[in-house]
Amino acid sequence: MKLLGMTIAELQDVAAKFSLPRFAARQMAQWMYRKHVTSVLQMTNLSLAARTQLKAAGYEVGYVEPLQTQRSIDGTEKYLFPTESGQQVETVLIPDNERRTLCISTQVGCKMNCLFCHTGKQGFHGNLTVTDILAQVLWAQRNVGLTNIVVMGQGEPLDNLDNLLRALDILTSDDGFGWSSKRITVSTVGLRKTLHRYLDESQCHLAVSLHSPLHEQRLQLMPAERQYPIAELVDSLRQRDDFQHQRRLSFEYIVWHGLNDTPVHAQALIQLLRPLNCRVNLIRWHAIPGATLPPSDEPSMLQFRDHLTRHGIYTTIRASRGEDIMAACGLLASPKKNSSPL
C-alpha cells in the first residue's frame, strides 16, 4: 500500500489501524512531503515498533527511482519512470539559471491525437495514479531540487482530472508538499467537460494549446477542437475574473512557416484574445515522424511576436530545450512495451 498520495484523513485511518495517535498522520505526511523520505523506516519520530508494523503490513512511501536518465547538451534532463501499472512514462527537468522546472506527465500516451505531437502518435495506454504523478515530483525534490512544476508532459491532464486535482491538492496543501499554486502550471488542449471544474477546484495557472485561431485549421491540427471550439473556449474564459491577479493564463502556439504565422493568423489571434489578460508563448516546431509540417524561421517568428506585442498581447518565444534527447515540447513518448492498450 503506497502512502504517497494519501491525504491527512487517509493517513489518520492508517494510523488508527495500528493504534497510533491521530497526530501520527501529520508526522507521516511531513516525512513524505517535506522531508522526502524513501521508506517508512526513515520516519524516526514514529516508534520503531510502529514503523516495523507498517512495513510488515505492506505499507511503503511509493518512492521510485528513474529507470533511465538522459542529459541534453543544453543541460535539460529526461527521466524514465516506472508506473504502478507496470508501464513507463517520461519526465523532464529544465534548468535555467536559478530556476529548475519539472515537466511532469499524467498519462501513458494520449487520446487527443494532435497532428504535431509524438506522444499522441503512440495512442492511449492508461491514466497515471496520484502516486505515479507525485512520484515524479518526490524523486526530483529529493535529488535535484525544484522551483516550478509544469503539467505539460505525456497525456492530457484534464482527461485524468480526478487524479490531477488530488495531486495538485497534495502539492499545494499545508499538510502536503506546501507548494504555492503560483509555481504550478497545467497545460490543456481544452476539454469542455473538465476545464471549468479544474479552474473552480484549483488555483494553479492555466496554459491552453492553441496553435491556430481558425476553427477549420485548428480542427485539422487538433481533433479536440470539434468538442470545444477555441472561440467558445476563449469566450468562456473571458467570463471569468480570476485571470487578473489570482492566476496566469497563457496560450501555447507552435509556429509553422506559411501555415499559421501569416498576417491573417496574427490578426485573427488578436481578435480572438482581446481583451483577455493573457500571454502567448510561441514555440519552435520539433519535427516528428509522419508529420510533414514546415518549421517557421527566426525572422518570421520575431515578426509574428512583434506584431502581437504591438497590439497589446504579451508574446514571448520559448527557448527550445532538450531536442537532442527527444525531451522538447511534443516529443515525449514511452518505450514500445506500452504498445498494447489497457
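Definitions and cut-offs
- Residues numbered from 1 in each chain as written.
- Predicted model: local features only at pLDDT ≥ 70, side-chain atom pairs only at ≥ 80, totals over all residues.
- Heavy atoms only, no water.
- Pairing = 2+ DSSP bridges.
- Helix = DSSP H or I, 4+ residues; strand = E, 2+ residues; numbered from the N terminus.
- Axes fitted to C-alpha atoms, helices over the stretch in contact; angles between N-to-C directions.
- 1 Å grid on protein atoms, 1.4 Å probe; cavity = no way out; pocket = protein on both sides within 12 Å on 5 of 7 lines; lining within 4 Å.
- Points joined across faces, edges and corners; volume = space filled by probe spheres on them.
- Core = buried A, V, L, I, M, F, W, Y, C linked by side-chain atoms within 4.5 Å.
- Buried < 20%, exposed > 50% of the residue type's maximum accessible area, 1.4 Å probe, protein only.
- Right-handed = clockwise from strand over helix to strand, strands pointing away.
- Phe/Tyr/Trp six-rings, centres within 6.5 Å; stacked < 30°, edge-to-face > 60°.
- Lys NZ or Arg CZ within 6 Å of the ring centre and 35° of its normal.

Caption draft 1: A look at the sheet that holds strand E2 (residues 77-82). Strand order in this open sheet of 10 strands is E1-E2-E3-E4-E7-E8-E9-E10-E11-E12, and the pairing throughout is mixed. Here the strands that pair on one side only, and so sit at the sheet edges, are strand E1 (68-71) and strand E12 (314-317). Put simply, the sheet's adjacent strands are angled 20° from each other on average, direction ignored. In this structure, strand E8 (residues 184-188) lies alongside strand E9 (residues 205-209), joined through 4 bridges in parallel fashion. Across the sheet, residue Ser187 finds its bridge partner in E9, namely Ala207.

Caption draft 2: Looking closely at empty space enclosed by the protein. Evaluation of the coordinates by the stated rule reveals 1 cavity of 30 Å³ or more. Counted as a void, the largest cavity has a volume near 40 Å³. Put simply, the parts of the chain that give the lining of the largest cavity at least two residues each are E2 and helix H5 (130-143). Considering every element that reaches the lining of the largest cavity, the biggest residue donor is H5, with 3 residues.

Caption draft 3: Region of interest: the nonpolar core. Judged by nonpolar contacts, the single largest core of 104 residues is most densely connected at Leu3, Met43, Phe116, Tyr198, Leu237, Phe251 and Leu273. It is H5 that contributes the most residues to this core, 8 residues altogether.

Caption draft 4: View of the pairing of strand E11 (residues 279-284). The sheet contact formed by strand E10 (residues 249-255) and E11 spans 6 bridges and is parallel. Each bridged residue has a counterpart across the sheet, and for Glu252 the counterpart in E11 is Asn281. Between E10 and its parallel partner E11, the chain crosses via helix H11 (residues 263-273), and the hand of that crossover is right-handed. The β-α-β motif built from E11, the intervening helix H12 (residues 298-310) and the parallel element E12 has right-handed crossover chirality.

Caption draft 5: Seen up close, the packing of aromatic side chains. Per the counting criterion, the structure on display carries 8 aromatic pairs. Ring centres of Tyr33 and Phe177 lie 5.1 Å apart, and the angle between their planes is 45°; on these two criteria the pair is classed as tilted. One end of the pair, Tyr33, is in helix H2 (residues 23-34); the other, Phe177, is in the loop between helix H6 (161-172) and E8, with 144 residues separating them in the sequence. Both rings, one in Tyr79 and one in Phe81, keep their centres 6.3 Å apart while their planes meet at 65°; by these two values the pair is edge-to-face. Both residues of the pair, Tyr79 and Phe81, belong to the buried class. Sitting above the plane of the Trp31 ring, Lys35 keeps its charged end 4.0 Å from the centroid. Here the basic side chain of Arg142 rests over the ring of Tyr63, its NZ or CZ set 5.9 Å away from the ring centre.

Interpretation in functional terms is not warranted from these geometric data alone.
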